[in-house]
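# Summary of structural features
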Amino acid sequence: MSILELQDVHVSYGNIEAVKGISLTVDEGEIVTLIGGNGAGKTTTLKTISGVRRAAPGTIVFDEERIDHMPSHEIVKRGVCQAPEGRRIFPRMSVRENLDMGAYSQKGTPPTEDYERVFTLFPVLRDRLSQAGGTLSGGEQQMLAIGRALMARPRLLLLDEPSMGLAPMFVEKIFSIIREINEQGTTILLVEQNAQMALQTASRGYVIESGEIVLEDRAAKLLTDERVKKAYLGEA
Amino acid sequence: MPDCLTTQLPLRLVGGLTSGSIYALIALGYTLVYGVLQLINFAHSEVFMGGSLAGLLALEALTHHGAQTNAIFLFVALIPGMLAGGVVAIALERFAYRPLRRRGAARLSYLISAIGASLLLSNIVLLWRGRNFENFPATVAPVPILTLGNVQIYNRQIIIVVAMLIMTAGLDIFVRTSRAGKGIRAVAQDPETAGMMGVDINRVITVTFLLGGLLAGAAGVLYGMFFGVTRFDVGFIPGIKAFTAAVLGGIGNIRGALVGGLTLGVVENVGAGCCGNQWKDVIAFLVLVGVLMFRPTGLFGEGVGAKA
């Protein structure tokens, strides 16, 4: 049963079409990854799901409801939250306030167990609660970005390049946490340039090039696909 | 030493803090709106005028019914004054700015729209109320209640300064702790991400204009109480001086608006003591030119989220 379905989604910036009619589905409980190079349209796709960009034309259905014309805040309310590219932590808010911003769509004070869930996944955030978000290290900011998105209690979590700019040890850690979040019942759509890690983590994958889906398959099969190996896994 | 810096100084300081408090209240509106939209709401002076006029009308209605005005009536007038300020500010956002935002208009369009809205509002009041100054019904009779050296401080001056401090503190607490306040700061720091976290950006913008409008409306009533008059163009000079104060303090910064307002009030009053009262506005605008030339980020040059 698919929880998210994109159908022939086009997105343009002025005259330039960044996403040229992509279709993809994410089933409940899955981790699906969208891999591709720089400027392939990955981030634009996620932004469009979150309502920051508009699909024109194209339809996006979440949980049997069209969301492609909804403003961002309505989409969050329905259970889609994103840890955006570049983390986008509110720099002059404390870690706690950043987490609270994640829970903005929930109304009222977030319950303790929501904070606890984040602190269990990312213990370091507990020690940094009153520190300004802008003063955290890159890895800590990534944890905060994911933690903040979890505070929205999403049914579908969108992750945009969570490994970007992180030390290799950290990358491993982030991906194991992504699996853990998924095991706790959250469906995940993961955008990555690190195809190796993404395909090892996901159950299915899509390859996007110049705004078009050029390949889709089970992640395990994509890992052994010659074209993927050549273009994204750095193997000859 | 000229006597403006010696014997006259305390008097000038007190006067400066009084008018500076009014500038600060108006400046907060400029700074809040700039924080979330990077837009100078040049029609904000009409918000002040609207508040002042609503206060006058409320007091006239009460005196018309034979009530003897007294100090209590200042508070009675503050309520319609603040509400009117809030309504005018929200209307400006709705009709002068939101249609432009929808179309992703260029910065200059907002400025032209602001000037147009400002002229429209002040001319409506000109046609309606005429061009003569209208007397603001007396509320608080001036009584000196404190003497510092050779200078007497009047109850009305204290009311203005204290009212400003209370309202600024209230605003600061609201922006720091309330849900809407967090939304305002999030939009000021990163509107796109704020939206992705569930913040309704249009609503945050409306609340921001409302807050600025309430404060400017209160300033309009306090101004009427202190100077005793109001009319269609009463907002013009205080409006641009408050803009100067906001820039001086660092536009987008709440504490900056407070410090900028008080500093500007003091500088122009002390300066006027030295050069003559006719130079007061010149001094204030020299400050604006000076800040823009030498420190365009102002005293506390950072975003509204920093201090708020």
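The text that follows walks through the structure, step by step, so that each part is easy to find.

## So, the layout of surface pockets
A probe matching the size of a water molecule, rolled over the atoms, marks out where space remains unfilled. Reported here for the largest pocket is a volume of approximately 890 Å³. Along the wall of the largest pocket there are 28 residues; nearest its centre are Arg-101, Pro-191, Ile-201, Asn-202 and Ile-205 of chain B. Listing elements by their share of the lining of the largest pocket, those giving two or more residues are helix H2 (72-77) of chain A together with helix H1 (9-37), helix H3 (72-102), helix H4 (107-129), helix H7 (191-196) and helix H8 (201-227) of chain B. Taken together, the residues that form the lining of the largest pocket break down as 13 nonpolar, 7 polar and 8 charged.

## What about the sheet that holds strand S10 (residues 212-218) of chain A?
Residue and element names in this part refer to chain A. Spatially, S6-S7-S8-S3-S9-S10 is the arrangement adopted by the 6 strands of the open sheet, whose pairing is mixed. Across the chains shown, the open sheet's two edge strands, defined by having one partner strand only, are strand S6 (80-83) and S10. Neighbour to neighbour, the strand axes of the sheet diverge by 20 degrees on average, direction disregarded. Sheet topology places strand S3 (residues 31-35) next to strand S8 (residues 187-192); 5 bridges connect them, and they run parallel. From the neighbouring strand, Thr-33 faces S8, where its bridge partner is Leu-190. Across the sheet, helix H6 (residues 138-150) touches S6 and strand S7 (156-160), and the angle it forms with S6 is around 170 degrees. Taken strand by strand, helix H7 (residues 168-183) contacts S3, S7 and S8, and its axis lies near 155 degrees from that of S8.

## Some points on the packing of aromatic side chains
Applying the stated rule across the entire model yields 8 aromatic pairs over all chains. Aromatic pair Tyr-115 of chain A and Phe-119 of chain A: ring centres 6.4 Å apart, planes at 20 degrees, arrangement stacked. Residue Tyr-115 of chain A and its partner Phe-119 of chain A are located together in helix H4 (residues 112-121), separated by 4 residues, close to a single helical turn. In this structure, Tyr-115 of chain A and Phe-119 of chain A share a single accessibility class: buried. Linked through ring pairs, Phe-48, Tyr-223, Phe-226 and Phe-227 of chain B together constitute an aromatic cluster. Against the face of Tyr-115 of chain A rests Arg-96 of chain A, its NZ or CZ located 4.9 Å from the ring centre.

## Describing the interface of chain B and chain A
Contact residues are listed per partner, giving 21 residues for chain B and 23 residues for chain A. The largest contributions to the chain B side of the interface with chain A come from Arg-179, Met-196 and Met-197 of chain B, which together make up 35% of the buried area. In this structure, the connection of chain B to chain A is made through 6 salt bridges. Among the salt bridges present, the one from Glu-192 of chain B reaches Arg-88 of chain A, with a minimum N-O distance of 3.6 Å. The interface formed by chain B and chain A includes 8 residue pairs in polar contact (both at pLDDT 80 or more). When contributions to the side of chain B that touches chain A are tallied by element, the ones reaching two or more residues are helix H6 (179-189), H7 and helix H12 (304-307) of chain B. Tallied by class, residues from the side of chain B that touches chain A come to 7 nonpolar, 7 polar and 7 charged.

## Side note on the sheet that holds strand S5 (residues 65-66) of chain A
One open sheet holds the 4 strands; their spatial order is S2-S1-S4-S5 (chain A), and the pairing between them is antiparallel. Single-partner strands in this sheet number two, and they are strand S2 (16-27) and S5 of chain A.

## Details of the side chain of Ser-21 of chain B
When you line up the elements, Ser-21 of chain B lands in helix H1. We classify Ser-21 of chain B as buried; its relative accessible area is 0%.

## Observations regarding the nonpolar core
All names here are of chain A. The biggest cluster of nonpolar side chains holds 134 residues, and the ones touching the most others in it are Leu-99 and Val-228. Taken domain by domain, this core gets at least three of its residues from each of domain 1 (2-79 + 154-232) and domain 2 (88-147). Excluding residues that lie within four positions of it along the chain, Val-228 makes contacts with Ile-35, Leu-199, Val-207, Leu-215, Leu-222 and Leu-233.

## Some remarks on helix H2 (residues 44-64) of chain B
All names here are of chain B. Between its first and last C-alpha, H2 extends 30 Å over 21 residues, near the 30 Å set by a 1.5 Å rise per residue. For H2, the buried fraction is high: 15 of the 21 residues fall into the buried class. Among the residues trailing H2, Gly-66 stands out with phi positive, at a value near 85 degrees.

## A few points about empty space enclosed by the protein
All names here are of chain B. In total, this model carries 1 cavity of 30 Å³ or more according to the counting rule given. Quantified by volume, the largest cavity comes out at close to 50 Å³. Taken together, Met-49, Leu-53, Val-125, Arg-129, Gly-130, Glu-134, Thr-230, Arg-231 and Phe-232 make up the lining of the largest cavity. Breaking the lining of the largest cavity down by element, the ones donating at least two residues are H2 and H4. Its residues placed into classes, the lining of the largest cavity shows 4 nonpolar, 2 polar and 3 charged.

## Thoughts on a nonpolar patch on the surface
A cluster of nonpolar side chains, contributed by Leu-108, Leu-111, Ile-112, Ile-115 and Leu-119 of chain B, occupies part of the molecular surface with about 470 Å² of accessible area. Relative to the assigned elements, Leu-119 of chain B resides in helix H4.

## Some remarks on helix H9 (residues 236-249) of chain B
Residues and elements named next belong to chain B. Helix length check: H9, at 14 residues, gives a terminal C-alpha distance of 20 Å against a target of 20 Å (1.5 Å per residue), a fit within 8%. Where burial is concerned, most of H9 is hidden: 11 out of the 14 residues are buried. Packed against the buried residues of H9 are H1, H2, H8, helix H10 (254-275) and helix H11 (280-294). Positive phi appears at Gly-250, one or two residues downstream of H9, with a value of about 110 degrees.

About the thresholds
Residues numbered from 1 in each chain as written. Chains lettered and ligands numbered in written order. Predicted model: local features only at pLDDT ≥ 70, side-chain atom pairs only at ≥ 80, totals over all residues. Heavy atoms only, no water. 1 Å grid on protein atoms, 1.4 Å probe; cavity = no way out; pocket = protein on both sides within 12 Å on 5 of 7 lines; lining within 4 Å. Points joined across faces, edges and corners; volume = space filled by probe spheres on them. Helix = DSSP H or I, 4+ residues; strand = E, 2+ residues; numbered from the N terminus. Nonpolar A, V, L, I, M, F, W, Y, C, P; charged D, E, K, R; others polar. Pairing = 2+ DSSP bridges. Axes fitted to C-alpha atoms, helices over the stretch in contact; angles between N-to-C directions. Contact = heavy atoms within 4.5 Å. Phe/Tyr/Trp six-rings, centres within 6.5 Å; stacked < 30°, edge-to-face > 60°. Buried < 20%, exposed > 50% of the residue type's maximum accessible area, 1.4 Å probe, protein only. Lys NZ or Arg CZ within 6 Å of the ring centre and 35° of its normal. Buried area = accessible area lost by both parts, 1.4 Å probe. Salt bridge = Lys/Arg side-chain N within 4 Å of Asp/Glu carboxyl O. Polar contact = N/O pair within 3.5 Å; in protein donor to acceptor, adjacent residues only side chain to side chain. Core = buried A, V, L, I, M, F, W, Y, C linked by side-chain atoms within 4.5 Å. Domains from an automatic or database assignment. Expected span 1.5 Å × (residues − 1). Patch = residues over 30% accessible without salt bridge, like charges linked within 9 Å, V, L, I, M, F, W, Y side chains within 5 Å. Areas by Shrake-Rupley, 256 points an atom, 1.4 Å probe, with all protein chains shown as cover.

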